[in-house]
Amino acid sequence: MELTAIDVYLVDLPLTEPFVASHGTTTSRTLSLLRVTTDAGIGWGECSALPAATYTAESAVGSYRALADRIGPALIGLQVPTEDVGPPGFDALQELPMARSCVEMALLDARLTAAGTPLAAWLSNRVDTSRPGTSEPPLEVIPTTIPAGVSVGLASIAETVETCAALAAEGYRRLKVKIQPGHDVRLVEQLIARLPDIELHVDANGAYPPGSEPLLDLVSAGAAVIEQPFAASEASAAAELIARLEAEGRSVTVVADEAVTRHDDAVRLLSARAMTGLSIKPGRVGGILPALALHDLCRSAGIAATAGGMLETGLGRHALVALAALPGFTLTGDLSPAGRWLAADPWPDLSLTDGHIMVPTQPGVCGDPDPELLAAHTVEHTSLGG
Ligand code: OSB
Ligand code: MG
């Protein structure tokens, strides 16, 4: 497959409401979209870096500049091997995992669209089968829908409880609420009192100092999952929390999110027993193939995996849900339609029925964007080659 032209779009999409987490507030979704033209056809990728470089080291505009000024020009004219998704020299993108994931998604989309293969089917045939006792799932066992989950930003306790009740009424059985010190135990108590049947995850985005006692009270109050309680660098604090929870016989999963941007991070945290679950976000970890490798790692280590969202467009959400259909995703992920966060989106959205989200079946990742909506929300556009 030869890459003949590249278009990079910086888009700005309105949010249905600001997204507030302890790492900052997102008021509109600026992100990059990449269109690759190859001799086999067109492919689209999304770079899910947030507007500010808070949650990860990459930002939306920084990624746009890297894609338009450095990465794009280097890709024109390259031959992409058919087996490996990345073109030669792709490892040069190691330090920009979010930009890398965008290029990888576009190339994969071009290849799978040309072959008529849906992403979920392609992925299910690449799951590591080396684990004794497992076998490749045949295509027909790819689920048509999977349980949906939804994330809820920081707001007052009363507002959060109302938002969660409305989402539970829409069918979501798994809710992930953002917490921070002082906004945690009472929130969980009130949520469980109002919605006793939900599976409640809490996500601190690293806001707690090592050794924080309220984290144990959260478990008593009914949280089933604690995501990234401590800063990414505080692996020993996470290991201590896990050891203490285990000693007390409490059943809760401590999920790493920000702490893993490379495969080696996950290997290190596993050997330090500093996570019992991993939030896998294709954008954060460098793409769909690195995400697949992490899925296989979690599965062979016997720890939980959950598919994490990044306020993506319908394109990124299609890729995320296709990934989340793999068997190692044992904890429900951030699997809501893009419309949960985006008030306008050039991409088709996924549908939610009875608390389940559809697994995409069209060839490639998501199809094509609506050209008028794309044009209406494009802030900057770079065309290369062609
Ligand atoms: O910490 O999981 C996070 C969104 C952007 C950046 C970080 C996080 C999130 C979410 C996911 O919580 C929300 C979603 O996409 O549904
Ligand atoms: Mg998180």
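Residues numbered from 1 in each chain as written. Chains lettered and ligands numbered in written order. Predicted model: local features only at pLDDT ≥ 70, side-chain atom pairs only at ≥ 80, totals over all residues. Heavy atoms only, no water.

Next up on the list: the overall build of the protein. Scanning the protein from terminus to terminus reveals 12 helices and 14 strands. Its C-alpha radius of gyration of 20 Å places the protein within 12% of the 21 Å reference for a compact globule of 386 residues. Along the first, second and third principal axes, the C-alpha atoms of the protein reach 60 × 50 × 40 Å. Across the 386 residues in the protein, those meeting the buried criterion constitute 59%. A sequence separation of at least 24 residues applies to 73% of the contacts in the protein between residues at least 6 apart. (Helix = DSSP H or I, 4+ residues; strand = E, 2+ residues; numbered from the N terminus. Rg over C-alpha atoms; globule rule 2.2 N^0.38 Å. Buried < 20%, exposed > 50% of the residue type's maximum accessible area, 1.4 Å probe, protein only. Contact = heavy atoms within 4.5 Å.)

Around ligand 1 sit 18 residues in total, of which Lys176, Asn205, Lys281, Leu311 and Arg317 are the nearest. One of the side-chain N or O atoms of Asp257 is found 3.2 Å from an oxygen atom in ligand 1. A distance of 2.7 Å is found between an oxygen atom of ligand 1 and a side-chain nitrogen or oxygen belonging to Lys281. Expressed as a share of its isolated accessible area of 380 Å², the protein-covered part of ligand 1 is 100%. Cavity membership is defined here by more than half of the atoms lying within 2 Å of grid points; on that basis ligand 1 lies in the largest cavity. Classifying every residue of the shell around ligand 1 by side-chain character gives six nonpolar, four polar and eight charged. (Near = heavy atom within 4 Å. Polar contact = N/O pair within 3.5 Å; in protein donor to acceptor, adjacent residues only side chain to side chain. Areas by Shrake-Rupley, 256 points an atom, 1.4 Å probe, with all protein chains shown as cover. 1 Å grid on protein atoms, 1.4 Å probe; cavity = no way out; pocket = protein on both sides within 12 Å on 5 of 7 lines; lining within 4 Å. Sits in = over half its atoms within 2 Å of the grid points. Nonpolar A, V, L, I, M, F, W, Y, C, P; charged D, E, K, R; others polar.)

Below, the discussion takes up the coordination of the magnesium ion (ligand 2). Listed as protein donors to the magnesium ion (ligand 2) are Asp203 (OD), Glu227 (OE) and Asp257 (OD); their distances from the metal cover 2.0 to 2.2 Å. Between consecutive donor residues of the magnesium ion (ligand 2), the sequence gaps follow D-x23-E-x29-D. Taken together, the positions of Asp203 in strand β7 (residues 199-203) and Glu227 in strand β8 (residues 225-227) put the pair 24 residues apart, joining distant regions of the chain. We classify Glu227 as buried; its relative accessible area is 3%. (Donors = N, O, S within 2.8 Å, 3.2 Å for Na, K, Ca; no water.)

Below, the discussion takes up the sheet that holds strand β12 (residues 352-353). Read across the open sheet, the three strands follow the order β4-β13-β12; overall the sheet is antiparallel. The sheet terminates laterally at β4 (145-147) and β12, the two strands that pair on one side only. As judged from the two bridges shared by β12 and strand β13 (residues 356-358), these two strands associate in the antiparallel manner. Bridge pairing in β13 places Leu352 opposite Ile357. (Pairing = 2+ DSSP bridges.)

Now for the packing of helix α2 (residues 97-115) against helix α10 (residues 288-301). Two elements in contact, α2 and α10, have axes whose closest approach is 8 Å; the angle formed by their N-to-C orientations is 100 degrees. The pairing of α2 with α10 is recorded here as roughly perpendicular in orientation. Together, Arg100, Glu104, Met105 and Leu108 of α2 and Ile288, Leu289 and Pro290 of α10 make up the contact between the two elements. (Axes fitted to C-alpha atoms, helices over the stretch in contact; angles between N-to-C directions. Parallel < 35°, antiparallel > 145°, perpendicular 65-115°, else oblique.)

Turning to empty space enclosed by the protein, a few remarks are in order. Summed over all chains, the structure comprises four cavities of 30 Å³ or more. When its volume is computed, the largest cavity comes out at roughly 180 Å³. Where the lining of the largest cavity is concerned, the elements lending two or more residues are β5 (149-152) and β6 (174-178). Top element by residues in the lining of the largest cavity is β5. It accounts for three residues. When grouped by side-chain class, the residues that make up the lining of the largest cavity number seven nonpolar, six polar and eight charged. (Points joined across faces, edges and corners; volume = space filled by probe spheres on them.)

Glancing now at the layout of surface pockets. Empty space among the atoms becomes apparent when a probe as large as a water molecule is rolled across them. Empty space within the largest pocket amounts to approximately 260 Å³. If you go around the largest pocket, you meet 16 residues; those closest to its centre are Tyr55, Thr56, Ala57, Glu258 and Thr261. If you add up the space inside the second largest pocket, you get close to 180 Å³. Around the second largest pocket, the lining residues are Gln94, Pro97, Arg100, Thr261, Arg262, His263, Asp264, Val285, Gly286, Pro290 and Ala293. The residue inventory of the lining of the second largest pocket, partitioned by class, reads four nonpolar, four polar and three charged.

That's the geometry; what it means functionally is another story.
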